[in-house]
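# Summary of structural features
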Amino acid sequence: DRGEVPTAFTETLASAGIEVRAGDVAAWRGASKREALAQLVAHHLAELSEEARAAKVGDLYERFRATLARKLESKGDLSMPDAVAAFERLKRHDIRIALNSGFDRSIMQLVLSRVAWPEGLVDVVVCGEDVARGRPAPDMIFEGMKRAGVDDAARVAVVGDTRYDMEAGANAGARYR
């Protein structure tokens, strides 16, 4: 992203009276946003009961999703430069492409609707709600492998922009990361 995610995260927390520093948000890049909210709410609102904290996290997560959706909808093409060329080169070599995201499917569909990629460029999309555990657990990678028909993690390359991405790759036994 180009700053939309941390901004939406910070704004959402501020709306609940939870002030966080940029480093607090950056530490959660690549992790489940719901889990990040749960940890931050537990830390900043420790006086709440477990039930009240769970309700607060659910409310904040929905606010985060709505705020992020508004920010993403206002953007043009979200593609990274040369992404299409790189993916097309992989496809020419019969390499399957699986994307995984800790976001839920509605946010991921919004992101994918904002990239100028040709139809069929990506073989598989796995979202956080598709698996039991988010990163750094390897569940999204394993689910992507299953859907792509790949059964050997030693033939998998994991590319990401966070330490959680790379930890998930290592935990999956991906040879390339």
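Structure's up top.
Computed from a predicted structure; not experimentally measured.

## Description of unusual backbone geometry
Cis geometry marks the peptide bond from Arg 135 to Pro 136, where omega comes out at 15°. Note that Pro 136 resides in the loop between strand S2 (124-127) and helix H7 (139-148). One non-glycine residue, Asp 82, lies in the positive phi region at around 70°. Within the secondary structure, Asp 82 is located in the loop between helix H4 (50-73) and helix H5 (83-92).

## Points about the packing of aromatic side chains
One pass over the structure, following the stated rule, counts 4 aromatic pairs. Between Tyr 61 and Phe 64, the ring centres sit 6.4 Å apart and the planes meet at 35°, which makes this aromatic pair tilted. Residue Tyr 61 and its partner Phe 64 are located together in helix H4, separated by 3 residues, close to a single helical turn. Each of the two residues, Tyr 61 as well as Phe 64, counts as buried. Between Phe 64 and Phe 103 the ring centres are 6.4 Å apart and the planes differ by 20°, which places this aromatic pair in the stacked class. Of this pair, Phe 64 sits in helix H4 while Phe 103 sits in the loop between strand S1 (98-101) and helix H6 (105-113), and the two are 39 residues apart along the sequence. Assigned by exposure class, Phe 64 and Phe 103 land together as buried.

## As for the environment of Leu 121
Tracing the backbone shows Leu 121 in the loop between H6 and S2. Relative accessible area serves as the criterion here: at 5%, Leu 121 is assigned to the buried category. On a C-alpha basis, the gap between Leu 121 and Met 80 in space is 14 Å, while along the polypeptide they are 41 residues apart. Ignoring sequence-local partners within four residues, the contact set of Leu 121 consists of Val 84, Phe 87, Glu 88, Lys 91 and Ile 97.

## Description of the nonpolar core
In this structure, Phe 9, Leu 13, Leu 37, Phe 64 and Leu 68 are the most contacted members of the largest nonpolar core, which totals 28 residues. Taken together, the elements giving at least two residues each to this core come down to helix H1 (4-15), helix H3 (33-44), H4 and H6. If one sorts the elements of this core by residue count, H4 sits on top with 7 residues. Not counting chain neighbours up to four residues away, the residues in contact with Leu 13 comprise Ile 18, Val 20, Leu 37, Leu 40 and Leu 60.

## Remarks on the environment of Met 166
By the element assignment, Met 166 lies in helix H8 (residues 163-172). Sequence separation between Met 166 and Gly 58 is 108 residues; the distance between their C-alpha atoms is 28 Å. Those residues within four positions of Met 166 in sequence are excluded, and the remaining contacts are Val 158, Val 159, Gly 160 and Arg 177.

Calculation notes
- Residues numbered from 1 in each chain as written.
- Predicted model: local features only at pLDDT ≥ 70, side-chain atom pairs only at ≥ 80, totals over all residues.
- Heavy atoms only, no water.
- Helix = DSSP H or I, 4+ residues; strand = E, 2+ residues; numbered from the N terminus.
- Phe/Tyr/Trp six-rings, centres within 6.5 Å; stacked < 30°, edge-to-face > 60°.
- Buried < 20%, exposed > 50% of the residue type's maximum accessible area, 1.4 Å probe, protein only.
- Contact = heavy atoms within 4.5 Å.
- Core = buried A, V, L, I, M, F, W, Y, C linked by side-chain atoms within 4.5 Å.

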